[in-house]
Amino acid sequence: MVDGKTKVCGLIGNPVEHSISPQIHNTLAKMLGINMIYVPFRVEESLVEEALKGAWALSINGLNVTVPHKSAVIPFLKDVDPLAAKIGAVNTLVRMEDGFKGYNTDMTGLLRAMKSDGINLEGEEVIIIGAGGVARAVAYLCAENGGKRVYMLNRSLEKAQAVAGEVNGNAGREIVVPLALTEYDKIPEKRYLTIQATSVGLYPDTEKAPVEDAAFYSRVKTGYDLIYTPAKTRFMRLCNEAGASAYNGLKMLIYQGVEAFEKWNQTEITEEMALEIYGIQKKNMEK
Ligand code: NDP
């Protein structure tokens, strides 16, 4: 029941109509008995500054930020968390005394999702497919969390090279090895945690995978596709056919939300509760 004391949080992006974040946050608020409502706000690219000023003036408690505003909001924040500043993208804004502070819970959420699936980056050699915004952030995450090596495969080699130069410079070690998407035979033959961070295979193009060759999948130990629609991507199916386990990006999405919710409400969501929300959303998406 919305009343005079209801805290308001929301999502800014364009588009926002497809988002399942309202379901995640409103369910969490209900489960925890917290008087909070979460609403989507479509914000045009030219109006990001006005949107943040308006949200501040309206005493909005917190915001998620999605495509295409994850970097565009940064100049209008009072403070930015160090990991988010390195990545150059924020997805969660928390109301402070004198303005909003930005965080990147996409990445801390991915880390927590992987942990929940028994995957640890410490000492790991990882393959990342893609060199876009999310792949770049995942490369930073690997560097920050003890990853030993990252083979970054991308359709445009120059983009992978640029990300490698940036992350290696920042980490002070040669952790990222850039390769063209077709150069996977240059990766030493053993099995790797493989994170699929391209948009290939995303609904409605569900019969596509970024790599088709079985020789590539024989290098996969665990496949982690960041796509969550469809629930089982072609990349995941190819991983399974090669004897590897495979996960989709739904847990990452749930945990980025869980971490944002925790920050807005100074509360802790237990693993059991997070898995309950995950189960509800998984069922909804299978309908
Ligand atoms: P970007 O647009 O920044 O990057 C897209 C990447 O996909 C690039 O590496 C691009 O290669 C590659 N790519 C696109 N089309 C093709 C193709 N036909 N063949 C080979 N490679 C291709 O996207 P983002 O990094 O922002 O997002 C990537 C994916 O991550 C999204 O599709 C989304 O599903 C997922 N995601 C999941 C989240 C979650 O919570 N689970 C959160 C955010 C994103 P090139 O550089 O050569 O163009």
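Along each chain, residue indices are assigned from 1 in the same order as the chain's sequence is written. Owing to the predicted nature of the model, reporting of local features is limited to residues with pLDDT of at least 70; listing and counting of side-chain atom pairs is limited to 80 or more, with chain, interface and lining totals taken over all residues. Computation of side-chain values covers all heavy atoms of the structure but excludes hydrogens and water.

### Topic: the site of the ligand
Quick reminder of the rule: Proximity is defined per residue: if any heavy atom of the residue lies within 4 Å of a molecule or strand, that residue is considered near it. Throughout this description, a polar contact denotes any pair of N or O atoms lying within 3.5 Å of each other; where both atoms belong to protein, one of them has to be capable of donating a hydrogen while the other can accept it, and for residues adjacent in sequence the pair is counted only when both atoms sit in side chains. Note on areas: Shrake-Rupley with a 1.4 Å probe; residue coverage comes only from the protein chains shown. Under the scheme applied, nonpolar residues are Ala, Val, Leu, Ile, Met, Phe, Trp, Tyr, Cys and Pro; charged residues are Asp, Glu, Lys and Arg; polar residues are all the others, including Gly.
In the vicinity of the ligand lie 21 residues, with Val134, Asn154, Arg155, Ser156 and Lys159 positioned nearest. In this structure, Gly133 approaches the ligand through a main-chain N or O atom, which is 3.0 Å from an oxygen atom. At 2.9 Å from an oxygen atom of the ligand is found a side-chain nitrogen or oxygen belonging to Arg155. Taking 940 Å² as the accessible area of the ligand by itself, protein coverage stands at 73%. Grouping the amino acids of the shell around the ligand by side-chain chemistry returns eleven nonpolar, eight polar and two charged.

### Focus on the pattern of salt bridges
Here is the rule we go by: We define a salt bridge as a contact between a side-chain nitrogen of Lys or Arg and a carboxyl oxygen of Asp or Glu at a distance within 4 Å. Elements are defined by DSSP. Helices are runs of H or I of four residues or more, strands are runs of E of two residues or more, and each kind is numbered from the N terminus.
By the definition in use, this model includes 16 salt bridges. A salt bridge links Glu49 to Lys53, with the shortest nitrogen-to-oxygen separation between them at 3.3 Å. With a gap of four residues between them, Glu49 and Lys53 both fall in helix H2 (residues 48-57), about one helical turn apart. One salt bridge connects Glu183 with Lys186, and the closest N-O pair in it is separated by 2.8 Å.

### Description of the packing of aromatic side chains
To keep things clear, this is the line we draw: Centres within 6.5 Å are what make two rings of Phe, Tyr or Trp a pair, Trp counting through its six-membered ring; a difference in plane orientation under 30 degrees is then read as stacked, over 60 as edge-to-face, and the rest as tilted. Two conditions define a charge sitting above a ring: the NZ of Lys or the CZ of Arg must be within 6 Å of the ring centre, and it must be within 35 degrees of the ring normal.
The final tally for this structure, using the stated rule, is seven aromatic pairs. Among the aromatic side chains, those forming a connected cluster through ring pairs are Tyr184, Phe216, Tyr217 and Phe235. Arg95 extends its terminal NZ or CZ atom over the ring of Trp56, reaching a point 3.6 Å from the ring centre. When the ring centre of Tyr103 is taken as origin, the NZ or CZ atom of Lys263, which lies over that ring, is 4.2 Å away.

### As for the packing of helix H9 (residues 250-265) against helix H10 (residues 271-286)
What counts, and what does not: In this analysis, axes come from line fits to C-alpha atoms, helices being fitted only over the stretch in contact, and the angle between any two N-to-C directions falls in the range 0 to 180 degrees. Roughly parallel covers angles under 35 degrees, roughly antiparallel covers those over 145, roughly perpendicular covers 65 to 115, and oblique covers all other angles. By definition, any crossing whose near helix is turned counterclockwise from its far helix by less than a right angle is left-handed, and any crossing with a clockwise turn is right-handed. Residues are treated as being in contact if the distance between any of their heavy atoms lies within 4.5 Å.
Direction vectors running N to C along H9 and H10 enclose 130°, while the axes themselves pass 10 Å from each other. Judged by the angle between their axes, H9 and H10 are oblique. Crossing geometry of H9 relative to H10 is assigned as right-handed. When H9 is examined against H10, the residues Leu250, Lys251, Ile254, Tyr255 and Val258 are found in contact with a partner set consisting of Glu271, Ala274, Leu275, Ile277, Tyr278, Gln281, Lys282 and Met285. Per-class residue counts for the contact of H9 with H10 are nine nonpolar, one polar and three charged.

### Considerations on the domain arrangement of the chain
Put simply, the rule reads: Domain start and end points were adopted from an automatic or database domain assignment. Buried area is calculated as the accessible area (1.4 Å probe) missing from two parts once they are joined, with the contributions of both summed.
Per the domain assignment, the segments making up the chain are domain 1 (7-103 + 251-286) and domain 2 (108-248). Inter-centroid distance (C-alpha atoms) of domain 1 to domain 2 is 25 Å. Each partner contributes to the interface: domain 1 provides 15 residues, whereas domain 2 provides 18 residues. Between domain 1 and domain 2, roughly 1,600 Å² of surface is buried when both sides are summed, and carbon and sulfur atoms account for 59% of that area. For the pair domain 1 and domain 2, the number of links is four salt bridges. Residue Arg112 pairs with Glu262 through a salt bridge whose shortest N-O separation is 3.1 Å. For the pair domain 1 and domain 2, the interface holds nine residue pairs in polar contact (both at pLDDT 80 or more). Contributions of two or more residues to the side of domain 1 that touches domain 2 are made by helix H3 (82-87), H9 and H10. Ranked by residue count, the leading element in the side of domain 1 that touches domain 2 is H9, at eight residues. Its residues placed into classes, the side of domain 1 that touches domain 2 shows nine nonpolar, one polar and five charged.

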